[in-house]
Amino acid sequence: MKIADFDALNDVRRTGLLKLLHDGPRIGVGLGTCGIGNGAQTVFDAIKMELEKTGCKASLVPVGCFGYCAVEPLVNVYCPGQPLVVLAEVTPEDAAYIVAELQSGRVPTRKALCRVEAWDHLTAQVKYGEGLSDIPLWNEIPFFAGQQKLVLRNCGLINPDDIEEYMAVGGYQSLYQALHKPQPDEVIEEINKAKLRGRGGAGYPTAVKWKLLREAQADVKYVICNADEGDPGAYMNRNEIESDPHMLLEGMLIGAYATGASEGIVYLRAEYPLAVARLKKAVAQATEHGLLGESILGTDFNFRLRLVEGAGAFVCGEETAMVASLEGYAGRPRPRPPFPAEAGLWGKPTNINNVETWCNVPAILAKGGNWFASVGTANSTGTKVFSLVGKIENTGLVEMPLGAPLKNIIYGIGGGSPAGK
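Residues numbered from 1 in each chain as written. Predicted model: local features only at pLDDT ≥ 70, side-chain atom pairs only at ≥ 80, totals over all residues. Heavy atoms only, no water.

Taken together, the side chains of Tyr 204, Val 208 and Leu 212 make up a nonpolar region of the molecular surface, amounting to roughly 270 Å² of accessible area. By secondary structure assignment, the location of Val 208 is in helix H8 (residues 206-215). (Patch = residues over 30% accessible without salt bridge, like charges linked within 9 Å, V, L, I, M, F, W, Y side chains within 5 Å. Areas by Shrake-Rupley, 256 points an atom, 1.4 Å probe, with all protein chains shown as cover. Salt bridge = Lys/Arg side-chain N within 4 Å of Asp/Glu carboxyl O. Helix = DSSP H or I, 4+ residues; strand = E, 2+ residues; numbered from the N terminus.)

Next comes the structure, spelled out in structure tokens:
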């Protein structure tokens with residue numbers, strides 16, 4: 001269905017809410033790469049077989065990674081009027097117990113990690129229910145204490161293969177707001193108020209890059225997402241795409257509108273097959289719903305997006321080397337100036353941001369630049385996602401306000417080294 005106006009957008013949103021707040025039980029199995037690597041697919045298959053055998057009417061869906069990778073497989077269970085309960089270290093043998101409890105009208109609590117009563121999304125609050133106070137709230141357990149989920153806001157809760165569920169939690173509302181209310185310069189000003197810096201490492205002010213591209217004169221302008229994450233142990237971008245691919249697309253669409261770009265590319269590592277598959281599906285769904293292509297959301301804004309799989313060269317994470325690779329040359333950095341905003345892909349003005357930078361954009365448009373700037377420090381606003389790996393008790397994805405002491409992450413969330421060092 002092509003979405004051309006706000007009413008149509010809200011119709012899809014309501015359909016998605018009926019999936020999230022199912023009139024019967026709903027089971028979500030964390031099928032990110034981390035979960036699958038720990039046996040989550042066999043858990044999903046076992047629950048599916050048990051549902052079919054018993055005739056239980058619970059809905060079963062894949063969800064992304066909730067972040068606490070050390071205790072995968074994670075399964076979340078929702079019964080109407082009750083909190084959503086996250087179960088940890090679930091095995092195929094637990095499937096019969098989970099389904100039997102749901103058939104009896106009870107929330108399965110064996111292996112309960114935490115509960116979620118409400119999830120404060122960007123433009124909507126999903127209220128699951130109250131009760132089960134003997135199970136700690138998600139942010140009361142040590143791993144999540146102090147975390148603030150902005151980029152990871154939907155990860156592990158929605159089905160990443162379903163655009164309707166993304167819309168249920170406010171997805172594409174920020175894009176509609178950008179296209180129908182302010183001028184492009186006002187969108188850039190909101191990013192400027194937010195003081196958003198590039199999350200790829202250099203920390204360059206995003207609004208400055210966008211303004212340069214906005215002012216550039218050319219028949220074609222490009223925006224590129226740098227998803228060539230190659231740092232050892234890093235899997236933040238992979239998880240963000242696997243768990244919430246439409247968040248990335250919405251951020252890029254807003255950036256393209258603000259800068260006057262009509263073409264977009266996501267340069268994604270081929271070693272991330274699940275992220276590639278889910279992003280391709282998200283692009284197809286967005287195109288089908290009229291959110292990519294011509295006359296987006298009933299406006300004169302046109303934007304096309306394609307996915308390019310990188311061959312694994314670490315150097316292509318550097319933006320000029322990436323541009324060279326996209327043009328068919330060896331991925332080697334080029335001297336600057338000229339900067340990509342002046343002469344980037346095919347010599348045309350180009351803006352390059354990494355996955356996490358783009359993913360912050362819908363949040364900023366939804367709640368305002370000043371709201372975003374109130375998180376973190378005066379000069380480094382917002383949050384940062386870290387992959388916590390190696391010789392640590394609790395591995396996983398951690399999203400903290402910038403300025404948080406490293407000790408809080410390693411010892412408070414990570415539990416320190418198993419050897420006590």
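Right, let's get into the side chain of Thr 381. Here Thr 381 lies in the loop between helix H14 (369-373) and strand E12 (383-388). From its side chain, Thr 381 meets the backbone oxygen of Ala 194 in a polar contact 2.6 Å long. Once residues within four sequence positions are removed from consideration, Thr 381 is found in contact with Ala 194, Lys 195, Leu 196, Arg 199, Phe 372, Ala 373, Val 375, Gly 376 and Leu 402. (Polar contact = N/O pair within 3.5 Å; in protein donor to acceptor, adjacent residues only side chain to side chain. Contact = heavy atoms within 4.5 Å.)

Right, let's talk about the sheet that holds strand E5 (residues 112-116) for a bit. Ordered in space as E2-E1-E3-E4-E5, the five strands form an open sheet in which the pairing is mixed. Two strands lie at the open edges of the sheet, namely strand E2 (59-63) and E5, each paired on one side alone. Neighbouring strand axes in the sheet, compared pairwise and without regard to direction, differ in orientation by 20 degrees on average. For strand E1 (residues 26-30) and E2, the ladder comprises five bridges, and the chain directions are parallel. Within the sheet, the bridge partner assigned to Gly 28 lies in E2 and is Val 61. (Pairing = 2+ DSSP bridges. Axes fitted to C-alpha atoms, helices over the stretch in contact; angles between N-to-C directions.)

Averaged over all residues, the pLDDT of the chain is 94; the fraction at 70 or higher stands at 100%. Across the chain, the element-wise mean pLDDT spans from 82 in strand E6 (residues 118-120) up to 98 in helix H10 (residues 245-259). (pLDDT = per-residue confidence, 0-100.)

With that settled, the discussion passes to the environment of Gly 344. The residue Gly 344 is located in the loop between helix H12 (319-326) and strand E11 (350-354) in this model. With 25 residues separating them along the chain, Gly 344 and Glu 319 place their C-alpha atoms 9.3 Å apart. The contact partners of Gly 344, leaving out residues within four places of it in the chain, are Val 323, Glu 327, Pro 349 and Thr 350.

Buried residues dominate strand E13 (residues 396-401), accounting for five of its six residues. Bridging between E12 and E13 involves six bridges; their strand directions are antiparallel. Residue pairing for E13: Thr 383 is matched across the bridge by Pro 401. (Buried < 20%, exposed > 50% of the residue type's maximum accessible area, 1.4 Å probe, protein only.)

Strand order in the open sheet formed by four strands is E10-E9-E8-E11, and the pairing between neighbours is parallel. A single partner strand is all that each edge strand has here, and the edge strands are strand E10 (304-310) and E11. The sheet shows a mean angle of 20 degrees between the axes of neighbouring strands, taken without regard to direction. Sheet strands in contact with helix H11 (residues 273-288) are strand E9 (263-269) and E10, and its direction is about 170 degrees off that of E10.

Now for the packing of helix H6 (residues 173-180) against helix H13 (residues 355-367). Running from N to C, H6 and H13 point in directions that differ by 65 degrees, and their axes come no closer than 8 Å. Helix-helix and strand crossings are classified by hand; for H6 and H13 the assignment is left-handed. Between H6 and H13, the contacting residues are Ser 174, Gln 177 and Ala 178 on the first element and Pro 362, Leu 365 and Ala 366 on the second. Looking at the contact of H6 with H13, its residues break down into four nonpolar, two polar and no charged. (Left-handed = near helix turned anticlockwise from the far one by under 90°. Nonpolar A, V, L, I, M, F, W, Y, C, P; charged D, E, K, R; others polar.)

Quick look at the packing of aromatic side chains now. Under the counting rule described, the total for this entry stands at 14 aromatic pairs. Considering the side-chain rings of Tyr 68 and Phe 144, the 6.2 Å spacing of their centres and the 85 degrees angle between planes classify their relative orientation as edge-to-face. A residue pair is termed long-range when its members are at least 10 positions apart, and Tyr 68 in the loop between E2 and strand E3 (75-78) and Phe 144 in the loop between strand E7 (125-127) and helix H5 (163-168) qualify at 76 residues. The pair Tyr 68 / Phe 144 is uniform in exposure class, with both members buried. Geometrically, the ring pair formed by Phe 301 and Phe 303 is stacked, given 6.2 Å between the ring centres and 15 degrees between the ring planes. Each member of the pair, Phe 301 together with Phe 303, is buried. Here the aromatic cluster, defined as three or more aromatic residues joined through ring pairs, consists of Phe 66, Tyr 68, Trp 119, Trp 138, Phe 143 and Phe 144. Here the guanidinium or amino end of Lys 384 rests over the ring plane of Phe 386, the centre of that ring lying 5.8 Å away. (Phe/Tyr/Trp six-rings, centres within 6.5 Å; stacked < 30°, edge-to-face > 60°. Lys NZ or Arg CZ within 6 Å of the ring centre and 35° of its normal.)

Glancing now at the packing of helix H7 (residues 184-194) against H13. Packed helices, taken two at a time, are described by their axes: the angle between them and the distance between them. Packing of H7 against H13 leaves a shortest axis separation of 10 Å and a crossing angle of 100 degrees. Accordingly, the angle class assigned to the pair H7 and H13 is roughly perpendicular. Of the residues in H13, those in contact with Val 187, Glu 190, Ile 191 and Ala 194 of H7 are Val 361, Ile 364 and Leu 365. In terms of residue class, the contact of H7 with H13 is built from six nonpolar, no polar and one charged. (Parallel < 35°, antiparallel > 145°, perpendicular 65-115°, else oblique.)

This part takes up the pattern of salt bridges. Applying the stated criterion across every chain, the model contains 23 salt bridges. Residues Arg 269 and Asp 228 are paired through a salt bridge, measuring 3.2 Å at the closest nitrogen-oxygen approach. Of this pair, Arg 269 sits in strand E9 while Asp 228 sits in the loop between strand E8 (222-227) and helix H9 (236-243); the two residues are 41 residues apart in sequence, bridging distant segments of the chain. In terms of burial, Arg 269 and Asp 228 fall into one category: buried. The closest approach of N and O atoms between Glu 309 and Lys 280, which form a salt bridge, is 3.5 Å.

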